[in-house]
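Understanding the architecture of this molecule
Listed below are the residues making up each chain.
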Amino acid sequence: MSGESKREAARKRIAEKRAAEAAARAAAERRRRTVLGGAVAAAVLVIALVVVFVVQSSRTSTAEDAAAPAGTVADGTAFPVGQADAPVTVSVYADYQCPVCQRFEEANGDTLDQLVADGRIVLEHRPIAILDRFSTTDYSTRALNAAAVVADEAGIEAFEEFSDLLFADQPEEGGEGLSDEQLIEYAAQAGATGDAVERGITELRFEDWVAQVTEAASQADVTGTPTVLVDGEPLDNTTQLTPEGITAAVEAAAQG
């Protein structure tokens, strides 16, 4: 995409959507106040005449043979992007409800995309769902299931676009999260449409797979998100999760 990155475009669309929603809410509030004001005035007139609103552990009910969405690696736990013969693999564990993951994507997403485009890395997206307790509707699981449906129905590019939209419009912790209708809308924006997509999102087609990959991350000693590995070696969250830090780690790994 020329001129602006995919993430910048996603954030722009979300900002425009939020501005339109805010304008609609303001108009509705003005109408409500007008109606309420008229009702109060009428009531006053009648009276005058008469009187003169922890990090959840991964789910334990995992199905070892849960069906994985199309486009994942052999064990079904990651979505790979890039040339198969790229010299370095970067794995990113993230939760769509995690605000630190959102900031990580905003700060480093373009750098990772460029490293992929240059043929320097294979980027493994390893989304997991460990923050269901921070919503009232198991949003982490619902969001990851929806992302898996998008990947299964429309491919990895649609998955990445959908992920960008989810992070750009990440709901606050403690609420309901995005509704199924909103997830379906963003899926359509990413290029995944149709009855199969809608049913997959509303009926949680990949719920068992979500539990499985989350448990696999736990077994791999992933204790929080974001967690980033370069050729299997974890980066320091306090010093290396920057464009410079990631690029340096990739260069070091490529040199052996």
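Quick note: structure is the one above.
Residues numbered from 1 in each chain as written. Predicted model: local features only at pLDDT ≥ 70, side-chain atom pairs only at ≥ 80, totals over all residues. Heavy atoms only, no water.

Concerning helix 7 (residues 207-219)
If you check helix 7, its first and last C-alpha atoms are 19 Å apart, about what 13 residues at 1.5 Å a residue would give, namely 18 Å. Buried within helix 7 we find Trp209, Val210, Ala211, Gln212, Val213, Thr214 and Ala217. In this structure, the buried residues of helix 7 make contact with strand 1 (79-81), strand 2 (88-94), strand 3 (121-127) and helix 3 (139-154). Asp221 sits one or two positions beyond helix 7 and adopts a positive phi of about 70 degrees. (Helix = DSSP H or I, 4+ residues; strand = E, 2+ residues; numbered from the N terminus. Expected span 1.5 Å × (residues − 1). Buried < 20%, exposed > 50% of the residue type's maximum accessible area, 1.4 Å probe, protein only. Contact = heavy atoms within 4.5 Å.)

So, the pairing of strand 4 (residues 227-230)
Residues of strand 4 alternate between two faces, with Thr227 and Leu229 on one and Val228 and Val230 on the opposite face, all of them buried. As paired strands, strand 2 and strand 4 are joined by four bridges and run antiparallel to one another. Within the sheet, the bridge partner assigned to Val92 lies in strand 4 and is Val228. Here strand 4 runs beside strand 5 (residues 233-234); their pairing, made up of two bridges, is antiparallel. Within strand 5, the residue paired with Val230 across the bridge is Glu233. (Pairing = 2+ DSSP bridges.)

Things to note about the packing of helix 3 against helix 4 (residues 156-168)
Contact pair helix 3 / helix 4: the axes reach a minimum separation of 7 Å and the direction vectors enclose 150 degrees. Accordingly, the angle class assigned to the pair helix 3 and helix 4 is roughly antiparallel. The hand of the helix 3/helix 4 crossing is right-handed. Only Ile156, Ala158, Phe159, Phe162 and Leu166 of helix 4 make contact with helix 3, whose side of the interface consists of Tyr139, Ala143, Ala146, Ala147, Val150, Ala151 and Ala154. (Axes fitted to C-alpha atoms, helices over the stretch in contact; angles between N-to-C directions. Parallel < 35°, antiparallel > 145°, perpendicular 65-115°, else oblique. Left-handed = near helix turned anticlockwise from the far one by under 90°.)

Any functional reading would require information that these geometric values do not contain.
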